[in-house]
Amino acid sequence: MQESTPAPSAPSRSFISIQDPSSTTDQVLSSGPQFSKPSVPPPVKSRGPNSGAGARRLRRIIAEDAEWSLAIVPLLTELCIQNIVKNFPNNPILTQLLPEHQQKVLNDLSPDLPLAVTANLIHDESYWRRCCVHRWPVCHVDSHGGSWKSMFFERHLENLLKHFIPGTTDPAVILDLLPLCRNYVHRIRVDQFLPPVHLPPTPRSEDQSDSGSEGEMEEPTRDHYQLNDLVAGLSQLEELDLVYRVKDCGMNFEWNLFLFTYRDCHSLAATIKACHTLKIFRLTRSKVDDDKARILIRSLLDHPALEELDLSHNLIGDRGVRAAAKLLNHSRLRVLNLANNQVLSVNTTLTSINLSCNHIGLDGGKQLLEGMSDNRTLLEFDLRLSDVAQESEYLIGQALCANREAARQRGLDASHFMSPLTAKGPENPSR
């Protein structure tokens, strides 16, 4: 007879009742007097896949670290780049880095760094573009050869020249910039030169005023900044555009503020003569007369590189034009601009000019037309076979017709035919 041993079975919930201790307590308490108290629902135990998240939601206190972040720890390379940027003014490190690291450093550098640090070290155009835009709201890089670095140094130098006050500003402010910008400045355009500042004279005592005469007082100088040392240090200079005047003078206006002195003229003549790389020279709106024009033009004879000369809007007359004509045969000049001067306008005796069979060209015809604008004595002007534009030739002819009509009216004036006795008017009483 085989004896069967019952196998242990898992406890079944249908046969095994596990009594909750809380229910037993409730039964015991139910037999005695009952007291009302607020019911606290027991925590719900979730058995789903998100039971851990639910348990976390039930926590009453969660410890947090305010400095803890999910961000990835920065790379050592990034930390090094940040340190290089921070210490760049005192320890500039750039050329030793890889190209991609150099670009990151340049993108983070401030545009206000000292030029002594950045001038000869940084050649990246994007950095100098940021410097230009940061300093000037309007930037036309095309007028500076398309180089942002050249534009920055040219405009920076021009700003120093426009605000330089002789006798007050230290010349080292400009000359100390030469080692930094000598290879990047190709053109200088200065539309203002400030004169020296003259303080009112101190009042003299009675003894001094009696002992000295008023004529012994020295006249204050009006000379401006001399460009010879600056231009001599710019090895790549090709264009020089100057205007000797003062802008925005307001109620302090004086004619002396627009004076181009003889010392300025002699110094400028020596400067452009020594600059063998100069191709374009402009000196406009500076009251340059015949004598000063001859001094300047004499220094440009046989210049090895000059191609354009602009002396427009000055006071140059016939003597200055004769000097310019001599320059045409002793230079490589291609463009000569003498617009708005006093060519032919101050002449009161010349009545006939013959320039036929000369290759004057279109520009030359415009210059002749401008010279005829104020002339009242010229009656004949021969421009046959001179390649002058038809419009210029026609307008010159109209000016000649006006001069002939004015001469005819003068010839018909009755006063020309009256005797000295009859031409006295009221002084000669009628009989």
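Quick caveat, the model's predicted, so the values are computed rather than measured.

Thresholds applied
Residues numbered from 1 in each chain as written. Predicted model: local features only at pLDDT ≥ 70, side-chain atom pairs only at ≥ 80, totals over all residues. Heavy atoms only, no water. Pairing = 2+ DSSP bridges. Helix = DSSP H or I, 4+ residues; strand = E, 2+ residues; numbered from the N terminus. Axes fitted to C-alpha atoms, helices over the stretch in contact; angles between N-to-C directions. Parallel < 35°, antiparallel > 145°, perpendicular 65-115°, else oblique. Left-handed = near helix turned anticlockwise from the far one by under 90°. Contact = heavy atoms within 4.5 Å. Nonpolar A, V, L, I, M, F, W, Y, C, P; charged D, E, K, R; others polar. Buried < 20%, exposed > 50% of the residue type's maximum accessible area, 1.4 Å probe, protein only. Polar contact = N/O pair within 3.5 Å; in protein donor to acceptor, adjacent residues only side chain to side chain. Salt bridge = Lys/Arg side-chain N within 4 Å of Asp/Glu carboxyl O. Right-handed = clockwise from strand over helix to strand, strands pointing away.

Novice: When you look at the sheet that holds strand E2 (residues 239–242) in this model, what are you seeing that I'm missing?
Specialist: The strands making up a sheet associate through backbone hydrogen bonding, with each pair oriented either parallel or antiparallel. Reading across the sheet, the 5 strands line up as E1-E2-E3-E4-E5 and stay open at both edges, with parallel pairing between neighbours. Strands with a single pairing partner mark the edges of an open sheet, and in this sheet they are strand E1 (187–190) and strand E5 (335–337). Between one strand and the next, the sheet's axes are offset by a mean angle of 5 degrees, whatever the strand orientation.

Novice: Can you walk me through the packing of helix H12 (residues 262–274) against helix H13 (residues 290–299) in this structure?
Specialist: Angle between the axes and distance between the axes are the two parameters that describe a pair of packed helices. Interhelical geometry of H12 versus H13 gives an angle of 15 degrees and a closest axis separation of 8 Å. Classified by the angle their axes make, H12 and H13 are roughly parallel. Of the two possible hands of crossing, H12 and H13 adopt the one that is right-handed. Here H12 contributes Tyr262, Cys265, His266, Leu268, Ala269, Ile272 and Lys273 to the contact with H13, which in turn contributes Asp291, Lys292, Ile295, Leu296 and Ser299. For the contact of H12 with H13, the class distribution of residues is 7 nonpolar, 2 polar and 3 charged.

Novice: Whenever I open this one, H13 confuses me. Can you help?
Specialist: For an α-helix the count is 3.6 residues per turn, leaving residues at separations of three or four pointing the same way. Of all 10 residues that make up H13, 7 are buried, and the element is covered over most of its length. Burial in H13 covers these residues: Asp290, Lys292, Ala293, Ile295, Leu296, Ile297 and Ser299. Considering only its buried residues, H13 is in contact with H12, strand E3 (280–283) and helix H14 (318–328). For H13, the capping residue at the N-terminal end is Asp289, with a side-chain oxygen 3.4 Å from the backbone nitrogen of Asp291.

Novice: For this particular structure, what's the right way to read the pattern of salt bridges?
Specialist: Where charged atoms of side chains with opposite charge meet at close range, the side chains can pair. Under the criterion given, the structure shown has 15 salt bridges. Between Asp223 and Arg263 there is a salt bridge, with the nearest N and O atoms lying 3.8 Å from each other. Taken together, the residues Asp223 in the loop between helix H10 (206–211) and helix H11 (228–232) and Arg263 in helix H12 connect sequence positions 40 residues apart. Taking the relative accessible area as the measure of exposure, Asp223 reaches 17% and is therefore buried.

Novice: How should I be thinking about the environment of Leu268 in this particular structure?
Specialist: You can see Leu268 is positioned in helix H12. Not counting the four nearest positions on each side in its chain, Leu268 is found in contact with Leu227, Leu240, Leu242, Tyr244, Phe260, Phe281, Leu283 and Leu296.

Novice: It is not clear to me how the pairing of E3 should be interpreted in this structure. Could you clarify?
Specialist: The side chains of a regular strand alternate, residue by residue, between the two faces of the sheet. With burial as the criterion, each face of E3 is covered, one bearing Ile280 and Arg282 and the other bearing Phe281 and Leu283. Where E2 lies against E3, 4 bridges are found, and the strand directions are parallel. Of the residues in E3, the one forming a bridge with Asp241 is Arg282. For the handedness criterion, the β-α-β arrangement of E2, H12 and E3 is classed as right-handed. The pairing of E3 with strand E4 (residues 308–310) spans 3 bridges and is classified as parallel. Across the sheet, the residue bridging to Arg282 is Asp310, located in E4. One crossover worth recording links E3 to the parallel E4 by way of H13, and it is right-handed.

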